[in-house]
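Geometric and topological summary
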Amino acid sequence: MEGPSEEKLASVSNLVSVFENNRMSAAGPSIHRPEEDKCHPPGSRSPQPPGSWEKPSLGEALEPGHRTVSRRYLSSLKNKLSSGTWRKSYLPGTDPASGTQEPEKRIVQELLETEQAYVARLHLLDQVFFQELLKEARSSKAFPEDVVKLIFSNISSIYQFHSQFFLPELQRRLDDWTATPRIGDVIQKLAPFLKMYSEYVKNFERAIELLATWTDKSPQFQEVIVRIQSSEASGSLTLQHHMLEPVQRIPRYELLLKEYIQKLPNQAPDRNDAQKALDMIFSAAQHSNAAIKEMERLQDLWEVYQRLGLEDDIVDPSNTLLREGPVLKISFRRSDPMERYLFLFNNMLLYCVPRVIQVGAHFHVRTRIDVAGMKVRELSDAEFPHAFLVSGKQRTLELQARSQEEMISWMQACQAAIDQLEKRNETFKAAVQGPEGDTQEQELQSEELGLRAPQWVRDKMVTMCMRCQEPFNALMRRRHHCRACGYVVCARCSDYRAELKYDDNRSNRVCCDCYVFLTGSVLPKDKEDRKRGILEKGSVLGSEQSLMCSFLQLLGDKWGRSSPRGWCVIPWDDPLVLYIYAAPQDTRAHTSIPLLGYQVAPGPQADPRVFQLQQSGQQYAFKAETKELRDRWVKAVERAASGQSPGGPDEDLSD
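Conventions adopted
Residues numbered from 1 in each chain as written. Predicted model: local features only at pLDDT ≥ 70, side-chain atom pairs only at ≥ 80, totals over all residues. Heavy atoms only, no water. Helix = DSSP H or I, 4+ residues; strand = E, 2+ residues; numbered from the N terminus. Buried < 20%, exposed > 50% of the residue type's maximum accessible area, 1.4 Å probe, protein only. Contact = heavy atoms within 4.5 Å. Areas by Shrake-Rupley, 256 points an atom, 1.4 Å probe, with all protein chains shown as cover. Pairing = 2+ DSSP bridges. Axes fitted to C-alpha atoms, helices over the stretch in contact; angles between N-to-C directions. Parallel < 35°, antiparallel > 145°, perpendicular 65-115°, else oblique. Left-handed = near helix turned anticlockwise from the far one by under 90°. Phe/Tyr/Trp six-rings, centres within 6.5 Å; stacked < 30°, edge-to-face > 60°. Lys NZ or Arg CZ within 6 Å of the ring centre and 35° of its normal. Patch = residues over 30% accessible without salt bridge, like charges linked within 9 Å, V, L, I, M, F, W, Y side chains within 5 Å. Salt bridge = Lys/Arg side-chain N within 4 Å of Asp/Glu carboxyl O. Core = buried A, V, L, I, M, F, W, Y, C linked by side-chain atoms within 4.5 Å. Lys, Arg positive; Asp, Glu negative; His and termini not counted. Expected span 1.5 Å × (residues − 1). Bend = angle between axes of the 7 residues up to and from the residue.

1. Concerning the overall build of the protein
Looking only at helices and strands, one finds 16 helices and 18 strands in the protein. Here the protein holds 655 residues, and the buried ones make up 46% of them. For the protein, restricting intrachain contacts to residue pairs at least 6 apart in sequence, the fraction spanning at least 24 positions comes to 63%. Total accessible area on the protein stands at roughly 33,400 Å², and carbon and sulfur atoms take up 49% of it.

See below:
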């Protein structure tokens with residue numbers, strides 16, 4: 001019980017910190033003197049009837065006895081709440097007559113005395129401050145009644161509970177202590193009502209802000225508060241001091257009840273009831289702490305929504321912000337990534353663009369991706385390190401983090417949100433998952449075709465249509481993306497439309513293969529696929545099942561003056577042929593070279609990265625990025641030129 005108690009007291013100390021940050025330097029025209037910062041025991045003076053509040057002169061209002069909340073007092077209060085030493089001033093051990101009493105009875109006597117002082121303070125808050133401000137609001141109309149009610153929240157209910165029920169029960173039990181020496185049953189009966197404190201605690205920070213605002217805004221409001229604070233019953237303490245009392249009360253109950261249980265004999269009849277009462281007090285304290293956390297969560301959430309422009313489709317008080325931060329978006333058209341910003345909630349990921357002029361909203365929400373159905377995985381991309389893929393029903397994003405640690409952190413946060421949502425919905429899922437593998441992944445992608453946004457192939461990764469293998473050009477054959485599979489295709493192969501579920505069943509541009517799969521229709525004969533040519537060996541397949549593959553620079557007049565780069569592949573299923581593609585994702589090779597009988601010769605001495613293929617007057621020259629890569633290519637080509645077949649996957653030389 002010690003651990004939760006310390007956590008709860010820390011939460012109360014945090015509340016005091018909040019109050020300290022939001023406090024006013026003075027509630028009215030008062031002068032603060034540090035040397036007079038002494039903590040007055042609550043309830044040391046009984047409240048006066050409401051009719052006795054008379055307006056003081058200006059000199060009386062400025063007397064040293066009228067103090068506001070000091071920084072020293074608040075620091076002391078936090079330390080005492082954390083250490084438990086605040087109770088030492090209340091211990092009746094200094095009274096010589098108290099030594100003859102039973103230890104547990106002395107604690108009950110202390111509980112009764114502090115409760116009497118507390119009820120007096122509640123009377124001051126509810127019957128004096130609250131009622132006087134309410135009366136002034138109704139008569140002068142200088143400030144709204146609703147403001148007064150918001151400041152004091154449910155203080156009237158708390159006051160009635162303690163004055164009419166809790167205090168009388170304690171008084172009767174102590175008066176009859178000889179016949180009934182127990183207190184646990186009384187607290188058990190009334191402890192559930194202490195949960196009403198959560199509403200007061202939840203409203204506390206807002207109440208302090210309103211109090212500060214209207215003290216500055218309304219002279220009539222300030223005059224009422226200064227008049228009451230300057231009275232004898234207020235004990236020279238400010239309204240903010242008195243409003244802290246309900247926040248501190250439940251921790252004091254727990255400390256007193258803990259000490260009461262420690263003083264009880266092992267066989268005392270009240271031990272079980274007292275322990276149950278302590279558990280209920282702790283539950284009430286936890287209820288208040290939960291209210292504090294909920295208040296903080298809603299405040300943080302509201303600030304985020306303000307930065308997003310308060311768009312109706314994303315504002316939901318039940319959301320929880322899990323992570324936010326900048327990322328880079330990898331574009332399928334541009335070579336350089338773009339600055340973007342992500343907000344990850346428990347149920348959605350918001351993909352945002354920072355506004356240039358940040359007046360009002362700081363971000364524009366470009367895409368919302370639901371966590372339901374979302375997947376995240378790392379991308380192996382040498383050009384863009386620390387890249388990861390977020391695939392959702394609405395859209396698929398290729399993102400780049402600034403470091404490996406940041407990438408892992410984003411992936412873990414996304415996966416945690418996915419797992420948490422799946423755990424909540426596991427009773428509604430029919431999760432039958434087979435072993436992982438490439439074949440199952442291919443089938444899963446086919447099953448999900450049209451159900452989730454695809455990962456788009458980048459434009460620069462292909463030089464020809466991924467369906468008909470015709471080369472692209474800027475005038476006659478431009479690039480288009482299939483909205484179902486993400487392939488880059490020409491206009492002829494994407495001249496179809498199909499409804500996609502991830503886009504609310506709207507009609508989208510799709511390629512011929514996806515059109516057949518999604519609609520079940522048959523293509524016209526003039527648009528059916530022609531027979532596969534000798535060069536139409538997919539580069540993607542070659543990359544995954546290749547003896548050797550990498551980019552090589554093509555040298556010599558055969559390739560043109562610009563010496564372009566080519567994606568070169570020696571496939572496992574055709575190990576004696578070198579296929580040269582314009583781009584890694586192309587489905588048709590630019591040319592192929594049967595390697596059998598070729599001689600491998602070194603390049604010029606000036607550049608050790610160059611090697612040549614020579615046979616019967618034919619000569620091809622290639623340049624690798626590094627000498628090590630050139631040596632691996634020479635080894636692979638020599639094996640193929642001699643007619644040797646690879647022994648198995650262990651001999652893979654691919655980059």
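Moving on from the model shown.
2. Quick look at the sheet that holds strand β1 (residues 321–329)
An order of β4-β3-β2-β1-β7-β6-β5 is seen for the 7 strands of this open sheet, with the pairing classed as antiparallel. The open sheet terminates on both sides in strands that have one partner only, identified here as β4 (363–370) and β5 (375–378). On average, adjacent strands in this sheet sit at an angle of 30° to one another, irrespective of strand direction. By the bridge criterion, 8 bridges tie β1 to strand β2 (residues 338–345) in an arrangement that is antiparallel. Bridge assignment links E324 to a residue of β2, and that residue is F343. Along the sheet, helix α12 (residues 404–424) makes contact with β1, β2, β5 and β6 (387–391), crossing β1 at roughly 135°.

3. Thoughts on the sheet that holds strand β18 (residues 618–623)
Taken together, the 7 strands give an open sheet; going across it, the order is β15-β14-β13-β12-β18-β17-β16, and neighbouring strands pair in antiparallel fashion. Strand pairing shows two members of the sheet lacking a second neighbour, β15 (591–594) and β16 (599–602), which therefore form its edges. Taken pair by pair, the neighbouring strands of this sheet meet at an average axis angle of 35°, ignoring direction. Two elements, strand β13 (residues 565–571) and strand β14 (residues 577–581), share 3 bridges in a ladder whose sense is antiparallel. Along β14, the bridge assignment pairs W567 with Y581.

4. What about the packing of helix α4 (residues 103–140) against helix α5 (residues 145–152)?
In the contact formed by α4 and α5, the axes pass within 9 Å of each other and the chain directions differ by 165°. The angle between α4 and α5 falls in the class roughly antiparallel. In terms of crossing hand, the pair formed by α4 and α5 is right-handed. Only E145, V148, K149 and F152 of α5 make contact with α4, whose side of the interface consists of L125, F129, F130, L133, L134, A137 and R138.

5. Concerning the packing of aromatic side chains
Under the criterion given, the structure shown has 13 aromatic pairs. For the ring pair F143 and F221, a centre distance of 5.1 Å and an interplane angle of 90° mean the geometry is edge-to-face. Taken together, the residues span a long stretch of sequence, with F143 in the loop between α4 and α5 and F221 in helix α9 (residues 219–229) at a distance of 78 residues. Note on F143: relative accessible area 3%, which makes it buried. Given the relative accessible area of 0%, F221 is considered buried. Linked through ring pairs, F161, F166, F193 and Y253 together constitute an aromatic cluster. Above the plane of the ring of W410 lies R323, whose end atom (NZ or CZ) is 4.5 Å from the centre. Residue placement shows R565 over the ring face of F551; its charged tip is 4.0 Å from the ring centre.

6. Quick word on a nonpolar patch on the surface
A contiguous nonpolar patch, built from V356, I357 and V359 and spanning about 400 Å² of accessible area, is present on the exposed surface. Relative to the helices and strands, V359 resides in the loop between β3 (348–354) and β4. Residue V359 is classed as exposed on the basis of its relative accessible area, which comes to 69%.

7. Structural notes on the pattern of salt bridges
Applying the stated rule across the entire model yields 21 salt bridges. Between R182 and D273 there is a salt bridge whose closest N-O contact spans 2.5 Å. In this pair, R182 sits in the loop between α6 (155–175) and α7 (184–190) while D273 sits in helix α11 (residues 271–307), placing the two residues 91 residues apart along the sequence. Residue R252 is joined to E245 by a salt bridge in which the shortest nitrogen-to-oxygen separation is 3.8 Å. Accessibility expressed as a relative area gives 7% for E245, which makes it buried.

8. Some details on unusual backbone geometry
A positive phi angle, near 50°, is found at S153, a position not held by glycine. Mapping S153 onto the fold places it in the loop between α5 and α6. We classify S153 as partly exposed; its relative accessible area is 23%. The phi angle at D504 is positive, at roughly 55°, despite the residue not being glycine. Mapped onto the fold, D504 is located in the loop between β10 (496–500) and β11 (506–510).

9. A few points about the nonpolar core
Counting 65 residues, the largest nonpolar core has F152, M243 and Y260 as the members making the most contacts within it. Counting residues per element, the ones that place at least two in this core are α4, α5, α6, α7, α8 (197–217), α9, α10 (239–263) and α11. It is α4 that provides the largest number of residues to this core, a total of 15 residues. Those residues in contact with Y260, other than ones at most four positions away along the chain, are E104, I107, V108, W177, P181, R182, I183, D270 and A274. Within the second largest apolar cluster, 25 residues are counted, among which are L449, V457, C490 and L500.

10. Details of the environment of D273
In this structure D273 comes out as buried when scored by relative accessible area, which is 18%. Spatially, the C-alpha atom of D273 lies 9.1 Å from that of V186, the residues being 87 residues apart in sequence.

11. Topic: the side chain of K329
Structurally, K329 can be placed in strand β1. Despite its burial, K329 pairs with no opposite charge, the nearest such side chain being E398 at 6.8 Å. Apart from residues no more than four positions distant in its own chain, K329 is found in contact with P337, M338, R340, Y351, R395, L397, E398 and L399.

12. Section: α6
Along its 21 residues, α6 runs 28 Å from first to last C-alpha, staying within 8% of the 30 Å computed at 1.5 Å per residue. By the largest-angle criterion, H162 marks the main kink of α6, which is about 40°. Regarding α6, the residues found buried are I155, I158, Y159, F161, H162, F166, L167, E169, L170, R173 and L174. Against the buried residues of α6 lie α4, α5, α7, α8 and α10.

13. Some thoughts on the environment of G450
Among the structural elements, G450 can be located in the loop between α13 (438–447) and β8 (480–481). Overall, the relative accessible area of 3% leaves G450 in the buried class. On a C-alpha basis, the gap between G450 and D503 in space is 8.5 Å, while along the polypeptide they are 53 residues apart. Excluding its chain neighbours within four sequence positions, the residues that come into contact with G450 are L500, K501, Y502 and L518.

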